[in-house]
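Chain by chain, the residues:
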Amino acid sequence: MELSKRVQSIKPSATLSINARAKELKASGVEIINFGVGEPDFPTPHHVKEAAIKAIKDNFTRYTPVGGIPELKNAIIEQFKRDYGESYEPGEIIVSCGGKHCIYNLAQAILNDDDEVIIPAPYWVSYPDIIRLAGGRSVIVHTKEEDGFKLRPEKLEEAITPRTRLLILNSPSNPTGSVYSRKELEDLADVIIKHRIYVLTDDIYNKIIFEGTSWVSILHANPEVKEFTFVLNGVSKTYSMTGWRIGYMAGPDPIISACTKIQSQSTSNPNSIAQMAAVAALNGPQDDVERMVNAFAKRREYFLRRLEELKHVTFYPPQGAFYIFPNFSAYYGKKYNGQVILNSLDLTSYLMEEAKIALVPGSAFGDDRCLRFSYATSMKTIEKGIDKLEAALSMLL
Ligand code: GLU
């Protein structure tokens, strides 16, 4: 049987495939250093797990409103008031099965065939495929390392056509860890308002920010952009709750209602127990978040120090999230056992074979010169992993 053109036009998620492969190898007894997937290695905070257990015991196990329970919507509204200084109504919020699902709903709600979505590269691997599944076209705008991998307003303006519907911004960025400044966002907001395009601000990493950097959103930069803006967040990264699958999004009511209609015909409500857990995460004590961010900061420092010692590698120091996206292109063209390493995929395959390190090739993020490291893993693993990386690189001639 032939599969649909739609499914044939997309790739599986590179991050999830690499994670699955690393786990498979580990299960078969191979010692793998997993710098692949971006998922905090800490347990979900205790009080969050207790809230989920209570939800089960209270039989909170039936269908809920499709777009999320009122308690969770209220907790999100409060969080958005604190984080953005903006007020949202419950009808302007949707809770979905993870942040990815919110983006999927949005793409399905606003895109017609061949409508364009501007995505600055490097980008998170799933954006282009989610757009394609909705019939849209991704317009990739490449950014430069010397601009901190950030989209410049003139580049945005150049990319806009009458078919442009949406721009996706992600700060801190996966994979680069770049964080936009207020001025940079003000300039982008001017272009968005002038051309009346929507913007999705994917703020999933906004609590993971390192010393010396302050996080601002496009809504802080210019509140007038609110009528064009969808704000995306979730509990996965901040509270180490990747498996619970709770993401949420705020934006103009008619489109959020359309997203809710789509969700009513696909997944229905997100898991009732996970929604209760998310209420506890958002409303409860935040000290676990601080502990996790401090741990990421230490790992980041160590990682940067070790990368600086690698002769042929350059990188932009990340200011947030838990990724580093160094440029390894100096190794392309080198040989090992007669095999030439041509690109990021070849180099990640080599490092997997030789050093048993799992990494995601830069090509999956729209920049073939780089490899993505997630340092959401223990310091011991990082130390061992970089030792192995160093040894494997030195074998390339
Ligand atoms: N967002 C994380 C990553 O980039 C988790 C996996 C995914 O859904 O991509 O590794």
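Our structure's up above, just so we're on the same page.
Here the structure is a predicted model, which is why all the values come from computation and not from measurement. Along each chain, numbering runs from 1 in the same order as the chain's sequence is written. It should be noted that, the model being predicted, local features are given only for residues of pLDDT at least 70 and side-chain atom pairs only at 80 or more, the latter also being counted only at that level, while totals for whole chains, interfaces and linings use all residues. Excluding hydrogens and water, the side-chain values take into account all heavy atoms of the structure.

Re the overall build of the protein chain
Just so we agree on the cut-off: Put simply, DSSP marks the helices as runs of H or I at least four residues long and the strands as runs of E at least two long, and each gets a number from the N terminus on. Atoms considered for the radius of gyration are the C-alpha atoms alone. The globule rule reads 2.2 Å times the number of residues to the power 0.38. Under the scheme applied here, a residue whose accessible area is under 20% of the maximum for its type counts as buried, over 50% as exposed, and between as partly exposed, the area being computed with a 1.4 Å probe on protein chains only. When checking whether two residues touch, look at their non-hydrogen atoms; a contact exists if any pair is within 4.5 Å. Values of accessible area rely on a 1.4 Å probe in the Shrake-Rupley scheme; residue burial ignores everything except the protein chains shown. For the purpose of counting charges, residues Lys and Arg are taken to be positive, whereas Asp and Glu are taken to be negative. His and the chain ends are not included. For this purpose, a charge sits on NZ of Lys, CZ of Arg, CG of Asp or CD of Glu.
Per the secondary structure count, the protein chain includes 14 helices and 14 strands. In terms of overall dimensions, the protein chain is globule-like: its C-alpha atoms have a radius of gyration of 21 Å, near the 21 Å expected for 397 residues. Taking the principal axes of its C-alpha atoms as reference, the protein chain extends roughly 60 × 55 × 55 Å. Looking at the protein chain as a whole, 56% of its 397 residues qualify as buried. Contacts spanning at least 24 positions in sequence make up 75% of the contacts within the protein chain whose residues lie at least 6 apart. On the protein chain, roughly 17500 Å² of surface is accessible, and the fraction owed to carbon and sulfur atoms is 51%. Where the 46 positive side-chain charges of the protein chain centre and where its 48 negative ones centre are 4 Å apart.

Re the environment of Glu354
Using the following cut-off: Identification of polar contacts relies on pairs of N or O atoms within 3.5 Å, with a donor-acceptor requirement for protein atoms, meaning one able to donate a hydrogen and the other able to accept it, and with residues adjacent in sequence counted only if both atoms are side-chain atoms.
Secondary-structure assignment places Glu354 in helix H13 (residues 344-355). Taking the C-alpha atoms as reference points, Glu354 and Met395, 41 residues apart in sequence, are found 9.7 Å from one another. Sequence-distant contacts of Glu354, that is, excluding residues within four places in its chain, are made with Tyr336 and Met395. Separated by 3.3 Å, the side chains of Glu354 and Tyr336 make a polar contact.

Comments concerning the site of the ligand
Worth spelling out the cut-off: Nearness here has a simple test: a residue counts as near a molecule or strand if at least one of its heavy atoms is within 4 Å of that partner. Basically, the charged four are Asp, Glu, Lys and Arg, the nonpolar ten are Ala, Val, Leu, Ile, Met, Phe, Trp, Tyr, Cys and Pro, and anything else, Gly included, counts as polar.
Lining the immediate surroundings of the ligand are Thr15, Leu16, Val37, Gly38, Lys100, Trp124, Asn174, Tyr205, Lys237, Tyr323 and Arg372. A distance of 3.2 Å is found between a nitrogen atom of the ligand and a side-chain nitrogen or oxygen belonging to Lys237. A distance of 2.9 Å is found between an oxygen atom of the ligand and a side-chain nitrogen or oxygen belonging to Arg372. A total of 280 Å² of accessible area belongs to the ligand in isolation, and the protein chains cover 89% of it. Considering only residue class, the shell around the ligand consists of 5 nonpolar, 3 polar and 3 charged.

Quick look at the environment of Leu371
Of note, Leu371 is situated in strand S14 (residues 371-374). Residues Leu371 and Leu347, spaced 24 residues apart in sequence, show a C-alpha to C-alpha distance of 8.5 Å. Residue contacts for Leu371: discarding those within four places in its chain leaves Ile324, Phe325, Pro326, Phe328, Ser344, Leu347, Thr348, Leu351, Leu359, Val360, Pro361 and Gly362.

Examining the packing of aromatic side chains
Aromatic ring pairs are defined here through the distance separating the ring centres and the angle between the ring planes. As a reminder, the rule being used: Stacked, tilted and edge-to-face are the three classes applied to pairs of Phe, Tyr and Trp rings, where Trp contributes its six-membered ring and a pair requires centres within 6.5 Å; stacked means planes under 30 degrees apart, edge-to-face means over 60, and tilted covers the rest. For a ring to carry a charge above it, either NZ of a lysine or CZ of an arginine must fall within 6 Å of the ring centroid while also lying within 35 degrees of the normal to the ring plane.
Across all of its chains, the model carries 21 aromatic pairs by this definition. One aromatic cluster in this structure is built from Phe35, Phe303, Phe328, Tyr331, Phe373 and Tyr375. Sitting above the plane of the Tyr88 ring, Lys226 keeps its charged end 4.4 Å from the centroid.

What about unusual backbone geometry?
The linkage connecting Ser171 with the following residue, Pro172, adopts the cis geometry, with an omega of -5 degrees. Locating Pro172 in the fold gives a position in the loop between strand S5 (164-170) and helix H8 (182-195). Cis geometry is found at the peptide bond from Asn174 to Pro175, where omega equals 25 degrees. Positive phi outside glycine occurs at Arg196, with the angle close to 50 degrees. In this structure, Arg196 sits in the loop between H8 and strand S6 (198-202). Here the phi dihedral of Ser268 falls at roughly 60 degrees; this positive angle occurs in a residue that is not glycine. Turning to its location among the elements, Ser268 is positioned in the loop between helix H10 (253-264) and helix H11 (272-283).

Some points on the side chain of Thr15
Mapped onto the elements, Thr15 comes out in helix H2 (residues 14-27). Given the relative accessible area of 6%, Thr15 is considered buried.

Side note on the sheet that holds S6
Keep this limit in mind: At least two bridges found by DSSP between two strands is the condition for calling them paired. Axis angles are defined between N-to-C directions and span 0 to 180 degrees, where every axis is a line fitted to C-alpha atoms and, for a helix, only to the segment in contact.
The strand order across the open sheet built from 7 strands is S2-S8-S7-S6-S5-S3-S4, with neighbouring strands paired in mixed fashion. Each edge of the open sheet carries a strand with a single partner, namely strand S2 (93-96) and strand S4 (137-142). Put simply, the sheet's adjacent strands are angled 20 degrees from each other on average, direction ignored. Here strand S3 (residues 116-121) pairs with S5 via 3 bridges, running parallel. Looking at S5, one finds that Glu116 is bridged to Thr164. Running over the sheet, H10 touches S2, S6, strand S7 (229-234) and strand S8 (247-250) and is turned about 25 degrees from S2.

Concerning the pattern of salt bridges
In plain terms, the rule: Whenever Lys or Arg places a side-chain nitrogen within 4 Å of a carboxyl oxygen from Asp or Glu, that contact is recorded as a salt bridge.
Enumeration over the complete set of coordinates arrives at 21 salt bridges. Note that Arg306 and Glu309 form a salt bridge whose closest N and O atoms lie 3.8 Å from each other. With Arg306 and Glu309 both in helix H12 (residues 287-309), this residue pair falls 3 residues apart, about one helical turn. For Arg306, a relative accessible area of 10% corresponds to the buried category. Using a relative accessible area of 51% as the deciding quantity, one classes Glu309 as exposed. Among the charged side chains, a network of salt bridges with common partners joins Arg306, Glu309, Asp387 and Glu390.

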